[in-house]
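# A closer look at the structure
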Amino acid sequence: MSLKSPAFSSKVPVMLHGADYNPEQWLRYPEVLREDIRLMKLADCNVMSVGIFSWVSLEPEEGVFTFEWLDNLLDSFAENGIYAFLATPSGARPAWMSEKYPEVLRVERNRVRNLHGVRHNHCYTSPVYREKTALINAKLAERYANHPAIIGWHISNEFGGECHCDLCQNAFREWLKVKYKGSLDELNHAWWATFWSHTYTSWEQIDSPAPHGENQVHGLNLDWRRFVSERTIDFCRHEIVSVRDYNLDLPVTTNMHMIDGIDYRELAKILDVVSWDAYPDWGYTEDGDDARLAAWTAMHHDLFRSFKHKPFLLMESTPSLTNWQSVSKLKRPGMHKLSSLQAVAHGSDSVQYFQWRKSRGSSEKFHGAVLDHSGHGETRVFKDVAEVGQILAGLTEVVGTSTPAETAILYDWDNRWAVKDAQGIRNSGLKYEETVLQHYRALWEQGIAVDMVGSGDDLSRYKLVIAPMLYLISEENGKRIEQYVEQGGTFLATYWSGVVGETDLCHLGGFPGPLRKTLGIWAEETEGLHSRDLNGLVLESGNVLNLSGDYDAHEIAELIHLEGAEALGHYRSDFYAGRPALTRNKLGAGEAYHLATRVKDLAFYVELYAAITAKAGITRTLESDLPVGVTAQLRTDGEHEYIFVQNFSGDVQTVKLDGRGYTDLESGAEVPAELELPVNGLAMLKRKAK
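Here's a quick rundown of the structure. Numbering of residues begins from 1 in every chain and follows the order in which that chain's sequence is written. Reporting of local features is limited, given that this is a predicted model, to residues whose pLDDT is at least 70; pairs of side-chain atoms are given and counted only at 80 or more, and all residues count toward the totals for whole chains, interfaces and linings. Note that water and hydrogens are dropped before the side-chain values are worked out from all heavy atoms of the structure.

### A few points about the sheet that holds strand 9 (residues 348–353)
The pairing criterion for strands is at least two bridges between them, as found by DSSP. In DSSP terms, a helix is any run of H or I states spanning at least four residues, a strand is any run of E spanning at least two, and both are numbered starting from the N terminus. The parallel open sheet is built from nine strands, whose spatial order is 5-4-3-2-1-9-8-7-6. Looking along the sheet, the strands with just one partner apiece sit at the ends: strand 5 (252–253) and strand 6 (255–256). Across two bridges, the pairing between strand 4 (residues 150–154) and strand 5 is parallel. Of the residues in strand 5, the one forming a bridge with tryptophan 153 is valine 252.

In structure tokens:
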């Protein structure tokens, strides 16, 4: 059975390699543009994203369009075998529009309208902005949708932010009327508005959260976030509609960038291909642990890949450094190749950069680029990029291959929003994302593939589903998880799960709410611990997972009672010493685990998931032990498997292979039984699928 998707574009059915390109900044330097083409080919770049912030260069005055420079560029691309994502320019509009139509300017939470400037400083509700965006987009589509160099639409750039203008306030009220079926009584109950006498008696009384107004009604805060996300997605849809009909075969994407305010899982539904921008700060982490950062980055690669369960695009990354991180470190030797191929290992069919050539002025003039201000290719960075381009050119057989996973982690945006809004337990930091990473990293360290899914997704395809801090869960989704376990699935939840429902009201009858039967426990109290506090999880002798040890625990401790579950471990100290801290419950044909406290040690999570995945029959990429900081990830077409063994440990490492017969993906040579991986080293292997 083939497990391969079509390439992003039939025009260029290979790994894509390129960058954001801003030729409009260099129109006074024609020699620069000519040299760019030569160097793109030298670096094996085959695609560029163009037009991202080009609106004023395309429409310098209202209704006056100047496309000649873009005509020349795209024609030159076509002549030289280079392709382009054509962007819609809505990420930053011309000053003439802000001057003539002030309603397009965004209003902040303090209800002050912004001045013209920066990016995404516009109202997604504004009819004027929507009209002007649709017009410029249609002009671009009419002219270029069938141009031989164009392979896809790049819709805007890193959508984000929110507007609190009167247009958005009215749209929010209409959104609420639809959601609550026109009933203020239902809204007031869902938001528990009798708290502090905040009951609403007319729709006009409802305003978006504000620092000088209402911000303590969690149901309001959550619904506002949902509205902002839906409004942003609707604007993206509006842009897609404005270009789609000019060439129905031209795929659309928009680059995502770890922005908290948009439910990317929902945004992905209106896109043909998912793309995202990855900017890890390699070489500068607070704990000096590049392996942790690598796992964090891998987790997000897997998140974006999981939206459509097919290859995604790495639309932006830096070939060297950034200009906005707290410390701008250079990539160490080998790291550019390793980090670029990490994306491919997790399902990307591209490696692209911001940016091709450094700007000469303004805020990004020192942001990393393929070409420095020196303007030539005799630099370390250019040579690193060219090396990656050469490698990608040899990976055509990997294009479109899948990344099968038998394990999933639940990661919902509204849960994330609600966790961060919760007051109590540990206001100094509940660390939701870090909690997810603890569980993900333990699987990543063992080379176990992971999908990042939503509570409403189909869980039946997975042998193991993990729910770190599933604080917000509806009764419906709780029932779906219960049925998943009853039908033979393995489930693990942590502390602070099953606390509130979809409107952020606490579940009645005891926590973990709709997960109580599944987990076989009742959580009576949850304690937040100071940074100086330390407890521990002591594993019971003879437990079903055959685990042993005494591990430090901190920050959160849940006091639970057994209601059918068995204790696999207990607390070490304090007044709840000896009470259950790790449990297992049999339910139907499956089983569910509950971890009641945050364990500090990575080794605990690795050992826990090694035991659980073995019990569940989950396969690893390599059936051999991997050193800490080394991972192995797999892509397959159903006939062959492509293994990427990556060393983020900071030391030279040796990996013993499992004897299945490997060849080197680049050279085709037979691979010895032991792999020697240098610092920031990578091996790309190929084997027959089972």
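Moving on, there is more to tell.
### Regarding the environment of lysine 358
Following the sequence through the fold, lysine 358 ends up in the loop between strand 9 and helix 12 (380–393). The buried label applies to any residue whose accessible area, calculated with a 1.4 Å probe on protein chains only, is under 20% of its type's maximum; exposed applies above 50%, and partly exposed to all values in between. Judged by its relative accessible area of 11%, lysine 358 is buried. For the pair lysine 358 and aspartate 372, spaced 14 residues apart in sequence, the C-alpha to C-alpha distance is 5.7 Å. Any two residues whose heavy atoms approach within 4.5 Å are treated as being in contact. Beyond its immediate stretch of four places on either side in the chain, lysine 358 contacts Trp26, Lys365, Phe366, His367, Gly368, Ala369, Leu371, Asp372 and His373.

### What about the environment of glutamate 482?
Structurally, the position occupied by glutamate 482 is in helix 15 (residues 475–486). Beyond its immediate chain neighbours, meaning those up to four positions away, glutamate 482 contacts Lys517, Thr518 and Leu587. Residues adjacent in sequence count toward polar contacts only when both atoms are side-chain atoms; beyond that, a polar contact is any pair of N or O atoms within 3.5 Å, and within protein one must be able to donate a hydrogen and the other to accept it. In terms of polar contacts, glutamate 482 uses its side chain to reach the side chain of lysine 479, at 3.0 Å.

### With respect to the pattern of salt bridges
Every case where a carboxyl oxygen of Asp or Glu lies within 4 Å of a side-chain nitrogen of Lys or Arg is listed as a salt bridge. On inspection of all chains with the given rule, the structure shows 47 salt bridges. Of the charged contacts in the structure, one is a salt bridge between lysine 358 and aspartate 372, with a shortest N-O distance of 3.2 Å. Remark: aspartate 372 occurs in the loop between strand 9 and helix 12 and lysine 358 occurs in the loop between strand 9 and helix 12; sequence separation between them is 14 residues. Of the charged contacts, one joins glutamate 641 and arginine 660 as a salt bridge, the two residues approaching to 3.5 Å between their closest N and O atoms. Of this pair, glutamate 641 sits in strand 22 (residues 640–647) while arginine 660 sits in the loop between strand 23 (653–656) and strand 24 (663–664), and the two are 19 residues apart along the sequence.

### Section: the nonpolar core
By nonpolar core is meant a set of buried Ala, Val, Leu, Ile, Met, Phe, Trp, Tyr and Cys residues that side-chain atoms within 4.5 Å join together. Judged by nonpolar contacts, the single largest core of 171 residues is most densely connected at Phe77, Trp356 and Phe491. Top element by residues in this core is helix 10 (residues 290–306). It accounts for nine residues. Ignoring any residue separated from it by four or fewer positions in sequence, one finds tryptophan 356 in contact with Ala19, Asp20, Tyr21, Asp36, Leu39, Met40, Cys45, Met48, Ala369, Val370, Leu371 and Phe382. If you look at the next biggest cluster of nonpolar residues, it comprises 17 residues, including Leu184, Leu187, Trp191 and Val228.

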